[in-house]
There are 2 protein chains.
Amino acid sequence: MNIILLSGGSGKRLWPLSNDVRSKQFIKIFKAEDGSYESMLQRVYRQIKQADSDASVTIATSKTQVSAIRNQLGDEVEISVEPCRKDTFPAIALASAYLHDVKGISDDETVVVSPVDPYVEDDYFEALKLLAKQASKGEAKLVLMGIEPTYPSEKYGYIIPDSSGDICEVKTFKEKPDVEAAKKYISCGALWNGGVFAYKLKYVLDKAHELMDFTDYEDLFNKYDMLTKISFDYAVAEQENEIQVMRFSGQWRDLGTWNTLTEAMDDPELDNVIVNETCENVNVVNDLNIPIVCMGLKDVIVSASPEGILVSDKEQSSYIKPYVDAIDQQIMFAEKSWGSFRVLDVEENCMTIKVTLNPGHSMNYHSHRMRDEIWNVINGEGIVTIDGVETSVTVGDVIKMCAGCRHTVAAITELKLIEVQIGEGISVYDKQKFELQS
Amino acid sequence: MNIILLSGGSGKRLWPLSNDVRSKQFIKIFKAEDGSYESMLQRVYRQIKQADSDASVTIATSKTQVSAIRNQLGDEVEISVEPCRKDTFPAIALASAYLHDVKGISDDETVVVSPVDPYVEDDYFEALKLLAKQASKGEAKLVLMGIEPTYPSEKYGYIIPDSSGDICEVKTFKEKPDVEAAKKYISCGALWNGGVFAYKLKYVLDKAHELMDFTDYEDLFNKYDMLTKISFDYAVAEQENEIQVMRFSGQWRDLGTWNTLTEAMDDPELDNVIVNETCENVNVVNDLNIPIVCMGLKDVIVSASPEGILVSDKEQSSYIKPYVDAIDQQIMFAEKSWGSFRVLDVEENCMTIKVTLNPGHSMNYHSHRMRDEIWNVINGEGIVTIDGVETSVTVGDVIKMCAGCRHTVAAITELKLIEVQIGEGISVYDKQKFELQS
């Protein structure tokens, strides 16, 4: 099975765990079989591999997510990188061209597209296989998954099938309705459109060439920032007459808000949390290294991360976005392809951060114009390069780097540094990258 | 007016703002006239000085609080340091001996004793003056303040006066009652015993010599750890026949729990807090440098500090103690006589802290057996002394200190350091102090 997982944009609706650089699919809150915690991304990837060990997975995403994906899934997974965000049609077209031109997948093979973030069980992946099988028959150009609605949601578009069969023709589509309209649709047998579908590769490539002027994957990639934003539904699905829908009645949950996410949490409390016996329906996600005590609360979500602290009634939590948008705060934590960093302290003209490099990884060779930096090695062993000169470092070593000097560090074992930045106008934009001659 | 302020023990009932080293009286949450925030201690000290600019204030407290008091009130305030905690009678006896033997106050002068932590207005201090005046008349050995009860509290002892006059004889005392008994006492004219009273110095000194074997202040101080724990009420007030009570009907609030403390907060939210319009009766005290967002909450207190985060229904918050007792966490923030420190990061065999020294102050000259330390100077100017050798330091300087070496730093201007501690078994107990030869 060829599967394209759409890894969507960063969102603030799960703040403080998600923010501009950290999307909800990377938050580790689901208990894996071995007792450790995994993210939505890791969960869905593991589920796919369990359902079909030969599955060829390509993740379509923006470049801001590449580090986090590599960090969580390793270097093997294929990533189709969108140079910028252009909605689902350009993203799917680019990923399809990637499959064809980079991975050499033939025109005639089927491809399944699924968002990365629904919370589903194994039957979903069995359904994806059936979806691919149906598309391969060629009865229709496009085969959609139609999800049996569990309530009259205003969040989804609806697919109106022409019969009640497991697989049938699509009669029409309905945009996100209000509750009353949704009730009416459902009473007529409508299904949720979850953005899950299968097609033969040639179909989408032809559509792409029809709607956009490009030669191949590389050309499309280079032109990407000039493309028009348009959704796959609008550009393709709603225009297609030869289109089928396959009914899916298993679990399919969109964990886009704290309210829905907490319903799927296996443990109501994670890490260093005390919830006393007077609490009722309380979920706590603690990503800070200090304890949280909850007393006498009902229907409340508490979430704490280096970015901030949310305390909200569960239902209210879906209205978080404008409040978080109003917060003007620098990024306090980020996962990188080489490890992660966390801001420990911010002063005028000084910032202290903790840098963790994974074994065998190194950061970019770079310099800063406006700040000096000091590295205090607190764990592990590595090789520091400063202006081309390599030095071995270990616990207790201190390295001073003046503004302008080029520097990097490679971790031999897991390497942890306390980095003290000193200078006027400290900014993430003050960074020049260089090739490291080796 | 001679006034002894009893600065009581550390408490966990206002965790995470109070803990083993930081008592509630030091938390800055009251708005002063200039718009800045002041602590209970600073508030009461300011109020005393406004009521009587010549007031001679002595704070009776344990040595663990001396740094915080000096930090908040400066070097002028007199402190009678209890070598260990021995309840109120030994504390008041020691402070009385301090007044007599160290400050040279005569036997015949009156002294007023008050806890440091009731939340009161200016009329309270006028009442203290009247209390002193009444004691100076010599009609009774001891004149208590009797606080008009506002509800049948189970938290206070009650004074039963023999009449309804403003000043009258005490008929008897009642221990902390249950609500029913409290109602009965109040209907008979009982008053709260807030631990506020006045006496002539000689009276308490005589009582002290009667009950304890000592010669003078120094001798009592040296024997302090062998004294029996006993309250002033039990040892003195309840045994005294010549005792009066003076009625006080002004504001007098014990802010010992989050529930009562938040009632006295001028601003429901402090620092970097968003409380949306669906919240009702919500107080937030944020002592972290990250934002807190509250949504859809009712009757809730949220308090965050480097020690932890409390989210509690206001009424439930009075039952916090056992939960906080169960938390085994190192001290993350402390005020010192020379400034303050805050733990930024804890790893196995490594701790990173931020040290702030006030101008003109220095830490103790000391060494550690089990850890190396690195100072990264991030703000200000100072003089570092290592094994007797002085060096000027400024922003960007790095100083490495190996285990065993003696070191200190004196701040010329406000000095901030990032201190990286590296070693096995990092502990606050691994510290040897030395005299600095200058």
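Please read all numbers here as calculations on a predicted model, not as lab measurements.

A. Fine view of the interface of chain A and chain B. Between chain A and chain B, the residue contacts involve 54 residues of the former and 54 residues of the latter. The three residues of chain A that bury the most area against chain B are Met295, Ile309 and Tyr323 of chain A, which together make up 16% of that side's buried surface. The interface formed by chain A and chain B includes six salt bridges. The residue aspartate 345 of chain A makes a salt bridge to lysine 354 of chain B at a minimum N-O spacing of 3.0 Å. Taken together, the connections running from chain A to chain B amount to 27 residue pairs in polar contact (both at pLDDT 80 or more). For the side of chain A that touches chain B, the secondary-structure elements that each account for two or more residues are strand E17 (292-295), strand E18 (298-305), strand E19 (308-313), strand E21 (339-347), strand E22 (350-357), strand E24 (372-379), strand E27 (398-401) and strand E29 (415-422) of chain A. A per-element tally of the side of chain A that touches chain B places E19 of chain A first, with six residues. When grouped by side-chain class, the residues that make up the side of chain A that touches chain B number 32 nonpolar, 13 polar and nine charged. As judged from the four bridges shared by E17 of chain A and strand E19 (residues 308-313) of chain B, these two strands associate in the parallel manner. Residue pairing across strands places isoleucine 292 of chain A opposite isoleucine 309 of chain B, the latter belonging to E19 of chain B.

B. Representation of the packing of helix H3 (residues 88-102) of chain B against helix H6 (residues 201-211) of chain B in the model. Residue and element names in this part refer to chain B. With their axes 9 Å apart at the nearest point, H3 and H6 run at an angle of 125° to one another. In this view, H3 runs oblique relative to H6, as classed from their interaxial angle. Classified by chirality, the crossing of H6 by H3 is left-handed. Residues Phe89, Ile92, Ala93, Ser96, Ala97, Leu99 and His100 of H3 form the contact with H6, whose participating residues are Leu201, Val204, Leu205, Lys207, Ala208 and Leu211. Residues belonging to the contact of H3 with H6 are distributed by class as follows: 10 nonpolar, two polar and one charged.

C. Just the sheet that holds E18 of chain A, in detail. Reading across from one edge, E14(A)-E16(A)-E18(A)-E19(A)-E17(B)-E15(B) is the order of the six strands in this open sheet, with mixed pairing throughout. One side of each edge strand has no neighbouring strand; the edge strands of this open sheet are strand E14 (269-270) of chain A together with strand E15 (273-275) of chain B. Bridge count between E18 of chain A and E19 of chain A: six bridges; the pairing is antiparallel. The residue of E19 of chain A that forms the bridge with alanine 304 of chain A is isoleucine 309 of chain A.

D. Here's a closer look at the packing of aromatic side chains. All names here are of chain B. For the coordinates displayed, the defined rule picks out 28 aromatic pairs over all chains. Centroid distance phenylalanine 89 to phenylalanine 232: 6.4 Å. Interplanar angle 40°. Geometry classified as tilted. Of this pair, phenylalanine 89 sits in helix H3 while phenylalanine 232 is found in helix H8 (residues 232-235), placing the two residues 143 residues apart along the sequence. Comparing phenylalanine 89 with phenylalanine 232 shows no difference in burial state: the two are buried.

Conventions adopted
- Numbering of residues starts from 1 in every chain and runs along the sequence as written.
- Lettering for chains starts from A, numbering for ligands starts from 1, and both go in the order in which the items are written.
- Given that the model is predicted, a residue must reach a pLDDT of at least 70 before its local features are reported, and side-chain atom pairs must reach 80 or more before they are shown or counted; all residues, however, enter totals for whole chains, interfaces and linings.
- Side-chain figures throughout are based on the complete set of non-hydrogen atoms in the structure, without hydrogens or water.
- Two residues form a contact once any of their heavy atoms are found within 4.5 Å.
- A 1.4 Å probe defines the accessible area here, and the buried area is the portion of it lost by two parts on being joined, summed over both.
- Here a salt bridge means any side-chain nitrogen of Lys or Arg lying within 4 Å of a carboxyl oxygen belonging to Asp or Glu.
- Definition of a polar contact: a pair of N or O atoms within 3.5 Å, with one able to donate and the other able to accept a hydrogen when the atoms are protein atoms, and with sequence-neighbouring residues admitted only if both atoms are side-chain atoms.
- Where helices and strands are cited, they refer to DSSP runs of H or I of at least four residues and of E of at least two residues respectively, numbered from the N terminus.
- Three categories are distinguished: nonpolar for Ala, Val, Leu, Ile, Met, Phe, Trp, Tyr, Cys and Pro, charged for Asp, Glu, Lys and Arg, and polar for the others, with Gly belonging to the last.
- Paired strands, as defined in this entry, are two strands with at least two bridges between them according to DSSP.
- Each axis is a line fitted through C-alpha atoms, and for a helix only the stretch in contact is used; angles between axes span 0 to 180 degrees, taken between their N-to-C directions.
- Angle categories are assigned with fixed cut-offs, so that under 35 degrees is roughly parallel, over 145 is roughly antiparallel, 65 to 115 is roughly perpendicular, and the rest are oblique.
- When the near helix sits turned anticlockwise from the far one by under a right angle, the crossing is termed left-handed; a clockwise turn instead gives a right-handed crossing.
- Pairing of aromatic side chains here covers Phe, Tyr and the six-membered ring of Trp, requires ring centres within 6.5 Å, and sorts the geometry by plane angle: under 30 degrees stacked, over 60 edge-to-face, intermediate tilted.
- Relative accessibility decides the category of a residue: with a 1.4 Å probe and only protein chains considered, values under 20% of the type maximum give buried, values over 50% give exposed, and everything between is partly exposed.

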